Amino acid sequence: MQSVIGLLGLCIVLSILSPRFLKWGNILNVLTQTSLNAVMAIGMTFVILTGGIDLSVGSILAFSGMVTAGMIHSGLNVWIAILIGLVIGTVLGLVNGLSVTKGNVPPFIATLAMMTMARGATLVYSSGRPKSNLGEAFGFLGQGKILSIPVPVIILFFVFIIAYYVLTQTATGRYIYATGSNEKAAKLSGIKTDYIKLLVYAVSGFTAALTGMVVTSMLDSASPNAGTGAELDAIAAVVLGGTSLSGGQGGVVGTIIGALIIGVLNNGLNLLDVSSYYQQLIKGIVILVAVLIDRRRR
């Protein structure tokens, strides 16, 4: 509830300070830009609900997008290339899950290692150079519209609906919350917590790769530096949405609101011509204050 009030308050302030903020074209722009972070943040929500963290999503985004672009350049069918890119992201997420469950590596360290490895693999595969001119069919994923609605926003809608259903209407969703609330008790009650952890890291890898497809399509270019720092925005969206970093509490509705707060804030600061240096400072302060308020409330 607090995050909703914060979002509404931010929108009111920005609409007063900048008449351009409430124009339909700008609103669509905010939704499109927010959808990129929101899709990845939904996967991050699954991980954080189990008490974990995933620092590798930005690098998985870059590697999946780069490999997909490379396959398109080699003449492979666009949709097969996209499918392979999504599989790569999911597999890398599973590797994270295996490191955490079978290797007993703390999630922070396991995903930090994957962040470094995936970024290195991206640089090796691309020789440090971007791959551009990926064709009109691939461009539709990030630049197209259906009934005047940008495709990235439609993708976010379907990802959100599926994630919300899984977390609120299925046994798997209840097991995810139980694992994050008290893993030992969940094990004693018969829940296969290792399987749940593998699942959530796979989901996070998949959503990171999906975001990589959309970003690459939107820019018509795969960059070896794509997604740098994206994991921080994803984590910030989850935390701003009220999901506890300790696990077991929160959900994807709050994550969408958190992503919107970040998206609206970025857009508003750009409209007000605030220096990019100050933008980082302001975003950090907003996130810190929101977390402090949430911790105090809890």
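Refer to the structure printed above.
Here's what I pulled together on the structure shown here. (Residues numbered from 1 in each chain as written. Predicted model: local features only at pLDDT ≥ 70, side-chain atom pairs only at ≥ 80, totals over all residues. Heavy atoms only, no water.)

## Comments concerning the packing of helix α7 (residues 151-169) against helix α12 (residues 252-271)
Two packed helices can be described by the angle between their axes and the distance between those axes.
Move 1: It is the contact of α7 with α12, at a shortest axis distance of 9 Å, that shows an interaxial angle of 145°. Along the contact surface, α7 presents Leu156, Phe160, Ala163, Tyr164 and Leu167, while α12 presents Val252, Val253 and Ile256.
Move 2: When its residues are assigned to classes, the contact of α7 with α12 shows eight nonpolar, no polar and no charged. (Axes fitted to C-alpha atoms, helices over the stretch in contact; angles between N-to-C directions. Helix = DSSP H or I, 4+ residues; strand = E, 2+ residues; numbered from the N terminus. Contact = heavy atoms within 4.5 Å. Nonpolar A, V, L, I, M, F, W, Y, C, P; charged D, E, K, R; others polar.)

## Remarks on the pattern of salt bridges
Move 1: In this structure the tally under the stated criterion is two salt bridges.
Move 2: Ionic pairing is found between Asp194 and Lys102, a salt bridge with its closest N-O pair at 4.0 Å. Residue Asp194 is found in helix α10 (residues 193-219), and its partner Lys102 is found in the loop between α4 (78-101) and α5 (107-126); the two are separated by 92 residues along the sequence. (Salt bridge = Lys/Arg side-chain N within 4 Å of Asp/Glu carboxyl O.)

## Points about unusual backbone geometry
Move 1: A positive phi angle, close to 55°, is found at Ser127, a residue other than glycine.
Move 2: The phi dihedral of Ser148 falls on the positive side, at around 70°, and the residue is not glycine.
Move 3: Assessed through its relative accessible area of 55%, Ser148 is described here as exposed. (Buried < 20%, exposed > 50% of the residue type's maximum accessible area, 1.4 Å probe, protein only.)

## Quick look at the nonpolar core
Move 1: Residues Ile42 and Phe46 are the most contacted members of the largest nonpolar core, which totals 79 residues.
Move 2: Among the elements that make up this core, the one with the highest residue count is helix α2 (residues 24-49) (twelve residues).
Move 3: Beyond its immediate sequence surroundings of up to four residues, Phe46 is in contact with Ala163, Val166, Leu167, Ile176, Val200, Val203 and Val252. (Core = buried A, V, L, I, M, F, W, Y, C linked by side-chain atoms within 4.5 Å.)

## Concerning the side chain of Asn96
Move 1: Looking at where Asn96 falls in the secondary structure, it is placed in helix α4.
Move 2: Among the residues examined, Asn96 registers a relative accessible area of 1% and is labelled buried.
Move 3: Separated by 3.0 Å, the side chains of Asn96 and Ser56 make a polar contact.
Move 4: Once residues lying within four places of it in the same chain are set aside, the contact partners of Asn96 are Asp54, Ser56, Ile60, Ala110, Thr111, Met114 and Tyr201. (Polar contact = N/O pair within 3.5 Å; in protein donor to acceptor, adjacent residues only side chain to side chain.)

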